[in-house]
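Each chain, written out:
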Amino acid sequence: MTGTITYFFGQAMTGQGMKHLYKELMSTEANTVYLLKGAHSFKISDLLEKLANHYSNKGVDVEYFLDLLFENTLEAIFVKKPYNILYLQATNPSVEPIVLGKRDKVISLYDCLDEQKLILHGEQLEQLYETKTNYYQKCFSALANAIKIHDDWEVETRRYMNWQGLDKQFDELKNVLFGDEKQAKMAKTTHRLLGTLTPEGARDTVQSITQNLERRLFIKGYPGTGKSSMMKKLADEAASRGYDVQMVWCGLDSNSVDMVILPELKFCIFDSTEPHVYFPDESRAGDEILDIAQHCHPTEVEENNIQKIVAKYKSAISDATVNANLYAQEERKVREIIDQAIDLEEFDKRTKGLFL
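Since this is a predicted model, take the numbers as computed values, not measurements.

### Some thoughts on the overall build of the protein chain
Item 1. When helices and strands are counted, the protein chain shows nine helices and 15 strands.
Item 2. Relative to a compact globule of 356 residues, whose C-alpha radius of gyration would be 21 Å, the protein chain shows 22 Å and is just as compact.
Item 3. The buried share of the protein chain, reckoned over its 356 residues, is 51%.
Item 4. Excluding contacts between residues fewer than 6 apart, the proportion of contacts in the protein chain whose partners are at least 24 apart in sequence is 80%.
Item 5. Surface summary for the protein chain: the accessible area is close to 17400 Å², and the carbon and sulfur share equals 48%.
Item 6. The average position of the 42 basic charges and that of the 54 acidic charges among the side chains of the protein chain differ by 4 Å.

Given below as structure tokens:
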């Protein structure tokens, strides 16, 4: 019997820059961490997939952390119980060891590179780094603009929100979920990433994340009407009762929450509006919509204002996507050059000990 595979994203392009959760995963969940340094190429992804298959075939559950730039490419895997091992491509993002000699182990792959082959491409690599950095900066400038526009959007909708109605709806949900139940233990809170902007537009792994949950609550509502705040409030309530909580977010805003999972209840609640629009699946009895749009009634004038803001927001996201795509094109060229410079025999020698 093979283990369950769950897909997440490893990093997210946000209005606050590139964000990841690896350091937190290292400090709160992993018993052993292998940081793969150097030779940042597609060869690392191939290695991670082999490692994941190795453990999955043993019946161990494995989490795949996708590289947002390239489809079907990995930048990390987390091998769950009984191992709790994180294998991470730690060159970009640059992640340094914290507990050397015990938890954290650095696998240097720099010596796997044929320096002479790299020297032959030296000028080309220099130009590629300069060009991709330019596209990278343009992408995040557009995302920073998008989040400001999104904030304006939220201001418009908040004016017409019935907060008392939302509070009442939340209390009803809380009573249905928990009643008077409490767990006789301390709650554990973890964090994950469900989606991000990519060179192909917004992408998410909602279906993979929720594959084994029995009840899914789909929130429908306008930006700024309390979706994220309500989920944070629900997470706090669950934790206060001893239930484990997984907080899951998605770019654009790294300070927001897009999903809360309560594993012991096999339950999740998530924002199922743009950019990750989902509706209940008729084949899943536990799917249900939580409509909070019913508490918000903008005037016709405000609706027109909102439509203008939405158009500006979509334009900013489009600019970010174009530049993310151009950045990825240059990054692919860099990785392909590095792939060609890898001494495969030395690479396999240095990484064979990772298969426990």
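### Describing the sheet that holds strand β7 (residues 85-89)
Item 1. Strand order in the open sheet formed by six strands is β1-β5-β6-β7-β4-β8, and the pairing between neighbours is mixed. Of all strands in the sheet, those with a lone pairing partner are β1 (5-9) and β8 (104-108), marking the two edges. Each strand axis lies, on average, 20° off the axis of its neighbour in the sheet, ignoring direction.
Item 2. Where strand β4 (residues 32-37) meets β7, five bridges bridge the pair, whose relative direction is parallel. Opposite Leu35, over in β7, you have Leu88 as the bridge partner.

### A closer look at the state of the cysteines
Item 1. All told, the structure shown has zero disulfides when counted by the stated rule.
Item 2. In this model Cys139 remains outside any disulfide bridge; the closest cysteine sulfur is found in Cys250, 14 Å from its own.
Item 3. For Cys139, a relative accessible area of 1% puts it in the buried group.
Item 4. Judged by relative accessible area, which is 3%, Cys250 ranks as buried.

### What to know about the pairing of strand β14 (residues 267-271)
On any regular strand, side chains alternate: one points to one face of the sheet, the next to the other face.
Item 1. Counting buried positions along β14 gives five out of five residues, so the element sits mostly inside the fold.
Item 2. Burial along β14 is two-sided: Phe267, Ile269 and Asp271 and Cys268 and Phe270, pointing in opposite directions, are all buried.
Item 3. Inspection of the sheet shows strand β11 (residues 215-220) paired to β14 by five bridges, in the parallel sense. Note on β14: the bridge partner recorded for Arg216 is Cys268.
Item 4. Looking at chain direction, strand β13 (residues 259-262) and β14 are connected through four bridges and run antiparallel. By the bridge assignment for β14, Met259 is matched with Phe270.
Item 5. Connecting β13 to the next strand, β14, in antiparallel fashion are four residues, including Lys266 with a positive phi near 50°.

So, how was this worked out
Residues numbered from 1 in each chain as written. Predicted model: local features only at pLDDT ≥ 70, side-chain atom pairs only at ≥ 80, totals over all residues. Heavy atoms only, no water. Helix = DSSP H or I, 4+ residues; strand = E, 2+ residues; numbered from the N terminus. Rg over C-alpha atoms; globule rule 2.2 N^0.38 Å. Buried < 20%, exposed > 50% of the residue type's maximum accessible area, 1.4 Å probe, protein only. Contact = heavy atoms within 4.5 Å. Areas by Shrake-Rupley, 256 points an atom, 1.4 Å probe, with all protein chains shown as cover. Lys, Arg positive; Asp, Glu negative; His and termini not counted. Charge placed at Lys NZ, Arg CZ, Asp CG, Glu CD. Pairing = 2+ DSSP bridges. Axes fitted to C-alpha atoms, helices over the stretch in contact; angles between N-to-C directions. Disulfide = S-S within 2.5 Å.

Worth remembering: the numbers are spatial, not functional.
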